[in-house]
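Residue strings, one per chain:
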Amino acid sequence: MPIVKNLLLCDEAATEGFARALAALPEVRQTYIELQGDLGAGKTTLVRHLLRALGVQGRIKSPTYAVVEPYELPDLNIWHFDFYRFSDPREWADAGFRDIFASPGLKLAEWPEKAAGCTPLADLVIQLEVPDDEIRQATLTAQTGLGVDLLRRLDEPAPSEAKT
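Now for a quick tour of the structure.

Reading the values: the criteria
- Residues numbered from 1 in each chain as written.
- Predicted model: local features only at pLDDT ≥ 70, side-chain atom pairs only at ≥ 80, totals over all residues.
- Heavy atoms only, no water.
- Axes fitted to C-alpha atoms, helices over the stretch in contact; angles between N-to-C directions.
- Helix = DSSP H or I, 4+ residues; strand = E, 2+ residues; numbered from the N terminus.
- Parallel < 35°, antiparallel > 145°, perpendicular 65-115°, else oblique.
- Left-handed = near helix turned anticlockwise from the far one by under 90°.
- Contact = heavy atoms within 4.5 Å.
- Nonpolar A, V, L, I, M, F, W, Y, C, P; charged D, E, K, R; others polar.
- Expected span 1.5 Å × (residues − 1).
- Pairing = 2+ DSSP bridges.
- Phe/Tyr/Trp six-rings, centres within 6.5 Å; stacked < 30°, edge-to-face > 60°.
- Buried < 20%, exposed > 50% of the residue type's maximum accessible area, 1.4 Å probe, protein only.

**Comments concerning the packing of helix α1 (residues 12-23) against helix α2 (residues 43-54)**
Where α1 contacts α2, the axes come no closer than 8 Å and their chain directions differ by 50°. On the basis of the axis angle, α1 is oblique to α2. The way α1 lies across α2 gives a crossing that is right-handed. Across the interface between the two elements, Glu12, Thr15, Glu16, Phe18, Ala19, Arg20, Leu22 and Ala23 of α1 pack against Thr45, Leu46, His49, Leu50, Ala53 and Leu54 of α2. In terms of residue class, the contact of α1 with α2 is built from eight nonpolar, three polar and three charged.

**Regarding α2**
Taking 1.5 Å of rise per residue, the 12 residues of α2 would be expected to cover 16 Å, and the 17 Å separating its terminal C-alpha atoms lies within 8% of that figure. Next to the buried residues of α2 lie α1, β2 (32-36), β3 (68-73), β4 (76-82), β5 (106-110) and β6 (124-129).

**Focus: the sheet that holds β5**
Here seven strands make up an open sheet; going across it, the order is β1-β7-β6-β2-β5-β4-β3 and the pairing mixed. Every other strand in the sheet has two partners, leaving β1 (3-9) and β3 as the edge strands with one partner each. Pairwise comparison of adjacent strand axes, ignoring direction, gives a mean angle of 15° for this sheet. Summarising the sheet, β2 and β5 pair through four bridges and their orientation is parallel. Paired with Ile33 across the two strands is Leu108, which belongs to β5. With respect to the sheet, α2 is in contact with β2, β3, β4, β5 and β6, its orientation differing from that of β5 by roughly 165°.

**Notes on the packing of aromatic side chains**
This structure, assessed with the given rule, holds seven aromatic pairs. Here the aromatic rings of Phe83 and Phe86 are separated by 5.3 Å at their centres, their planes lie at 75°, and the arrangement is edge-to-face. Like Phe83, the residue Phe86 is buried in the burial classification. Seen from their ring centres, Phe83 and Phe97 are 6.2 Å apart, and the 75° between their planes marks the pair as edge-to-face. Placement of the pair is Phe83 in the loop between β4 and α3 (89-94) and Phe97 in helix α4 (residues 97-102), with a sequence separation of 14 residues. According to the relative accessible area criterion, Phe97 is buried, its value standing at 4%.

Right, here's the structure in full:
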């Protein structure tokens, strides 16, 4: 049974704070995260904040046309997928995506439903909804043991918040 956590992200600063909290967890470095939501829900914004929090410098592009943007850090490989234009499952093997998903590192996928049947089970699914212009409702669903660990760790107080 999946574990679910709901967050209310009242503004972009809250989204950035959530991304920083996620980036602070060592487990995220080996996680496959699916980001779901309508156009304009904030998927790419969340990814940008997460990548910045992990240490990515320079321009962070949306992979809408390239399908995947890789990022290499000294101790971490990250792949940001956008399957919005993905239509042919043969592309999966031809592009080497099977090898990417089999390798260590963080994988982030927007529009994962467009590649259904090709991607593995996500450790964590983040569903973003926009109840009004500013607020984002994030529903986090853990689908694997790693995802459950991430959600449990997100509930723990940060060391600076822990009572002494």
